[in-house]
Amino acid sequence: MHLCKSQNQSSSMEALRTVSTAAMPLLLKARMFKPISSPSVSHKKSKSLSLNLTQFPKSKFTKFNAISPSDSTQPAAQPEKETETGRFDQDYKFDWFSHWYPLMPVCDLDKRAPCGKKVMGLDVVVWWDKKENEWKVFDDRCPHRLAPLSEGRIDQWGRLQCVYHGWCFGGSGDCKFIPQAPRDGPPVHSFPKACVGVYPSTVQNGIVWFWPNTDPQYKDILIKKKPPYIPELDDPSFFSQMFTRDIPYGYEVLIENLMDPSHVPYAHHGIMSIAPQPSVKLDREGGEPMDIKIQKIEKNGFTAIEPQGRIWTFVSPCLVQGSLTIKETQTKGQLAQKPPRKQLFIFFCIPVSPGNSRFIGVGPRNFNLWIDPFVSRWMHHILTNLVLDSDLYLLRVQEEKLMEAGPSNWQKVCFVPTKADTMVALYRRWLKKYAGGQVNWGTNIYGTLTPIPPREQLMDRYWTHVVNCSSCTEAYKRLNALQMFLQVMSIALVAIMAAAKHMAISSVARYTLAVAAILCFVGSKWLSHFIYKNFHFQDYNHSFK
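Along every chain, residues carry numbers that run from 1 in the direction the sequence is written. Selection of residues for local features in this predicted model requires a pLDDT of at least 70, selection of side-chain atom pairs for listing and counting requires 80 or more, and totals for whole chains, interfaces and linings are taken over all residues. The side-chain values count all of the structure's non-hydrogen atoms but skip hydrogen atoms and water molecules.

Asker: I tried to follow the pairing of strand β4 (residues 115-119) on my own but got confused; where do I start?
Answerer: Within a regular beta strand, the side chains point alternately toward one face of the sheet and then the other, so they alternate between its two faces. By the alternation rule, side chains of β4 split into Cys115, Lys117 and Val119, which are all buried, and Gly116 and Lys118, of which none is buried. For two strands to count as paired, DSSP must find a minimum of two bridges between them. Note on conventions: DSSP H or I runs of at least 4 residues are helices, E runs of at least 2 residues are strands, and numbering of each starts at the N terminus. Pairing between β4 and strand β5 (residues 122-129): five bridges, direction antiparallel. For Gly116, the partnering residue across the bridge sits in β5 and is Val125. Counting the residues between successive antiparallel strands, the hairpin from β4 to β5 contains two residues, one of them, Met120, with a positive phi of roughly 55°. Each residue's exposure class comes from its accessible area (1.4 Å probe, protein chains only) as a fraction of the maximum for that residue type: buried when under 20%, exposed when over 50%, partly exposed otherwise.

Asker: How do you make sense of the sheet that holds strand β9 (residues 168-169) when you look at a structure like this?
Answerer: Whether parallel or antiparallel, the strands of a sheet pair through hydrogen bonds between backbone atoms. Strand order in the open sheet formed by four strands is β7-β8-β9-β10, and the pairing between neighbours is antiparallel. A strand with exactly one partner marks an edge of an open sheet, and here the two such strands are β7 (153-154) and β10 (175-177). Bridge count for strand β8 (residues 160-161) against β9 is two bridges, and the pairing is antiparallel. Following the sheet pairing, Gln161 is matched in β9 by Cys168.

Asker: Is there a simple way to think about the packing of helix α3 (residues 251-258) against helix α9 (residues 422-435) in this case?
Answerer: Relative orientation and spacing of two packed helices are given, respectively, by the angle between their axes and the distance between those axes. Lines fitted to the C-alpha atoms define the axes, with helices restricted to the stretch that makes contact. Angles between their N-to-C directions range from 0 to 180 degrees. Contact pair α3 / α9: the axes reach a minimum separation of 9 Å and the direction vectors enclose 150°. When the interaxial angle is binned, α3 and α9 end up roughly antiparallel. Note that α3 runs across α9; the crossing there is right-handed. In contact with Tyr251, Glu252, Val253, Ile255 and Glu256 of α3, α9 contributes Val424, Tyr427, Arg428 and Leu431. The residue makeup of the contact of α3 with α9, split by class, is six nonpolar, no polar and three charged. Here roughly perpendicular refers to angles of 65 to 115 degrees, roughly parallel to angles under 35, roughly antiparallel to angles over 145, and oblique to all remaining angles. Whether a crossing is left-handed or right-handed is set by the direction in which the near helix is turned from the far one by less than a right angle, anticlockwise for left-handed and clockwise for right-handed. We call two residues in contact whenever any of their non-hydrogen atoms come within 4.5 Å of each other. Each residue is assigned to one class: nonpolar for Ala, Val, Leu, Ile, Met, Phe, Trp, Tyr, Cys and Pro, charged for Asp, Glu, Lys and Arg, and polar for all the others, Gly among them.

Asker: What is the right way to read the nonpolar core from this model?
Answerer: Soluble, globular proteins show a tendency: their nonpolar side chains are buried together. For our purposes a nonpolar core is just a set of buried Ala, Val, Leu, Ile, Met, Phe, Trp, Tyr and Cys residues, chained together by side-chain atoms within 4.5 Å. Judged by nonpolar contacts, the single largest core of 80 residues is most densely connected at Trp96, Phe210, Phe314 and Tyr427. In this view, Tyr427 contacts Tyr251, Glu252, Ile255, Glu256, Met259, Phe302 and Phe314; residues no more than four positions away in its chain are not counted. Judged by nonpolar contacts, the second largest core, of 18 residues, contains Cys469, Cys472, Ala475 and Leu513.

Asker: Please explain the pattern of salt bridges as it appears in this structure.
Answerer: Pairing is possible between side chains of opposite charge, provided their charged atoms come close. Each reported salt bridge corresponds to a side-chain nitrogen of Lys or Arg within 4 Å of a carboxyl oxygen of Asp or Glu. All chains considered together, the criterion is met by 18 salt bridges. The salt bridge partner of Asp291 is Lys293, with a shortest N-O separation of 3.1 Å. For Asp291, a relative accessible area of 27% puts it in the partly exposed group. Residue Lys293 is classed as partly exposed on the basis of its relative accessible area of 40%.

Asker: Would you take a moment to explain the packing of aromatic side chains for this structure?
Answerer: Aromatic ring pairs are described here by two measures, namely the spacing of the ring centres and the angle between the planes. When the centres of two rings from Phe, Tyr and Trp lie within 6.5 Å, Trp using its six-membered ring, the rings pair. Their planes under 30 degrees apart give stacked, over 60 give edge-to-face, and anything left gives tilted. For the structure shown, the criterion picks out 24 aromatic pairs. Each ring, one from Tyr476 and one from Phe535, has its centre 5.7 Å from the other, and the planes form 55°; the classification is tilted. Residue Tyr476 is found in helix α11 (residues 470-500), and its partner Phe535 is found in helix α12 (residues 507-535); the two are separated by 59 residues along the sequence. Taken individually, Tyr476 and Phe535 each receive the classification buried, so the pair is uniform in this respect. Put simply, the rings of Tyr92, Phe94, Trp96, Tyr251, Phe302, Phe314, Tyr427, Trp430 and Tyr434 pair up and form one aromatic cluster. Only lysine NZ and arginine CZ atoms are considered, and such an atom sits over a ring when it is within 6 Å of the ring centre and within 35 degrees of the ring normal. The ring centre of Trp128 lies 4.1 Å from the NZ or CZ of Lys111, which sits over that ring.

Asker: Please explain unusual backbone geometry as it appears in this structure.
Answerer: Most peptide bonds take the trans configuration, and most residues that are not glycine carry a negative phi. Of note, the amide linkage connecting Ser316 to Pro317 takes the cis form, showing an omega dihedral of 0°. With respect to the helices and strands, Pro317 occurs in the loop between β18 (311-315) and β19 (319-326). In this structure, Met120 is a non-glycine residue whose phi angle is positive, near 55°. Counting through the fold element by element, Met120 comes out in the loop between β4 and β5. Assessed through its relative accessible area of 0%, Met120 is described here as buried. The residue Asn368 is not glycine, and still its phi comes out positive at about 50°. Its location among the elements puts Asn368 in the loop between β21 (356-362) and α6 (377-390). Residue Asn368 is classed as buried on the basis of its relative accessible area of 11%.

Asker: It is not clear to me how the sheet that holds strand β12 (residues 201-204) should be interpreted in this structure. Could you clarify?
Answerer: An order of β3-β13-β12 is seen for the three strands of this open sheet, with the pairing classed as antiparallel. Each of the sheet's edge strands pairs with one partner strand only, and the pair in question is β3 (101-105) and β12. Strand-to-strand twist in this sheet, taken as the mean axis angle between neighbours without regard to direction, amounts to 30°.

Asker: How do you make sense of the side chain of Ser357 when you look at a structure like this?
Answerer: Checked against the element boundaries, Ser357 lands in strand β21. We classify Ser357 as buried; its relative accessible area is 1%. For the purposes of these results, a polar contact is taken to be a pair of N or O atoms within 3.5 Å, where, inside protein, one atom must be able to donate a hydrogen and its partner to accept one; residues adjacent in sequence count only when each atom of the pair is a side-chain atom. Here Tyr249 takes part through its backbone oxygen, which lies 2.8 Å from a polar atom of the side chain of Ser357.

Asker: When you look at the confidence of the model for the chain in this model, what are you seeing that I'm missing?
Answerer: Interpreting fine coordinate detail is not advised for predicted regions of low pLDDT. Averaged over every residue, the pLDDT of the chain is 81; the share at 70 or more is 79%. Across the chain, the element-wise mean pLDDT spans from 37 in strand β2 (residues 43-44) up to 98 in strand β13 (residues 207-210). Note that residues 1-75 has pLDDT below 50 and, in this model, 246 contacts with residues that lie over four places away or in other chains. Scored from 0 to 100, pLDDT reflects the predictor's confidence in each residue.

Asker: Quick question: what am I supposed to make of the environment of Ile531 here?
Answerer: Structurally, Ile531 can be placed in helix α12. Among the residues examined, Ile531 registers a relative accessible area of 4% and is labelled buried. Sequence spacing of Ile531 and Gln483 is 48 residues, and the spatial spacing of their C-alpha atoms is 9.3 Å. Every residue in contact with Ile531, bar those within four places of it in the chain, is listed here: Tyr476, Leu479, Asn480, Gln483 and His536.

Asker: Sorry if this is basic, but what is going on with α12 here?
Answerer: Side chains three or four residues apart in an α-helix point the same way, a direct result of the helix having 3.6 residues per turn. Multiplying 1.5 Å by the helix residue count minus one yields the expected span of that helix. The end-to-end C-alpha distance of α12, which contains 29 residues, comes to 41 Å, matching closely the 42 Å that a straight helix rising 1.5 Å per residue would cover. Looking at α12, one finds that the buried residues are Leu513, Ala514, Ala517, Cys520, Ser524, Leu527, Phe530, Ile531, Asn534 and Phe535. For α12, the elements touching its buried residues are α6 and α11.

Asker: Can you walk me through the state of the cysteines in this structure?
Answerer: Each disulfide is one covalent bond, formed between the sulfur atoms of two cysteines. For the purposes of this analysis, a disulfide is any pair of cysteine sulfur atoms at a distance within 2.5 Å. What the rule picks out here adds up to zero disulfides. Here Cys472 stays unpaired: no disulfide links it, and the sulfur of Cys469, its closest cysteine neighbor, is 3.7 Å away. The exposure class of Cys472 is buried, given its relative accessible area of 3%.

Structure, rendered in structure tokens:
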């Protein structure tokens, strides 16, 4: 298995020397925070984002404050009115099937086998076409009897083969071979109904993207419309590690949570803390008012800024990005030689189905790179999974209660009286205005949320992350092999000791064998617990944190 290459907080940059950088996208998802023992660092307010996205169209603005400029306890949610930074388009309706969606990081795909994923209720299969030397995205069903092609294989000629009856397909979706068809009969493999639906796809920033429509008119859609591009993910001076996980709550709740800075010291207590710490703490966690300001609003998303200077941008439907430039004391000569220190927080939030979403996170930075070669990617992911799990149950229950009330009634059932909820309220307002308050699944999905499963199943890491991550899969195999080796060694050493009773060996050697056997046994038990806790399930009890 190959590891993901860097293509792809922190108020304290000193803390980054000891904290996992791959986990930073999650650790910094809401606000500047740091390990509790870290000193604070001052930050420079950025006036623009450092990513190349589709520019928002200019419009004539009339002045309106989305939130009170002076009182941080004024309601964050306001009626849909024009603002001094933008306006809501009264006639625009968001089309969920007319946008690019990220599928998987390339580093977690295997060219030897197809990979099945669900996005927007569509079952798709990603596979490597070695003839055209590119990743392809197909409809995940064989036209013969609708078996999933993701359970198939890549044959010796580089074709995608359905393992139900052996039908084979080329990179254009055309059927190349039907084993059951007579060689001297009609060429049934060339019939249009024998073809597989092909989705437009591309690789950008180390991620496979696809356009969720197989209609031939979208074959060249990449020329007209491209996925949002983030230059730092392709910049060799920036380092980052990608992380992906299937999340057992919906896309709307996932984005809302990532835009919520005030939950960090509470929902993730003991894992991360805010910084700088308030001079007077009114509770254990140190929560305080936050004056979040809106910079830009329009139909494709919005931009907001935190008091410390971190800029957050939502680009519909999937991208949430934070950008922070670190202020440093340097001489004029140093400023001319050294680029500013930057940290980005890139979150791709992918709608899968009602009550399910997928998260791809990455945090490129151009400083403190010396530690990265010493920390494996799977080690970063352990901390990132812990962060996700610490509020996972809360969000799943929250989503169920919201669905009972009706997604369009969010503003009625939720009380958001402070500016700390500005981005959350703004996102919900955008969602209600353009999408009726929720994802439009079209005709692909029917039904509602499934009942909440037991916590061990809800917070499972193995099937939601490990099997989808090349680094964690390899680490899981090696750690299990090491555990087995220690068990065998402990048994072998005990057997040697038993046989040595009839042999003339010194008491020192006998004690050495006994200690080694005990250490191997204890080591295997500890490793078993470590594997289960970090690769399967680890609960988070807020009462004891």
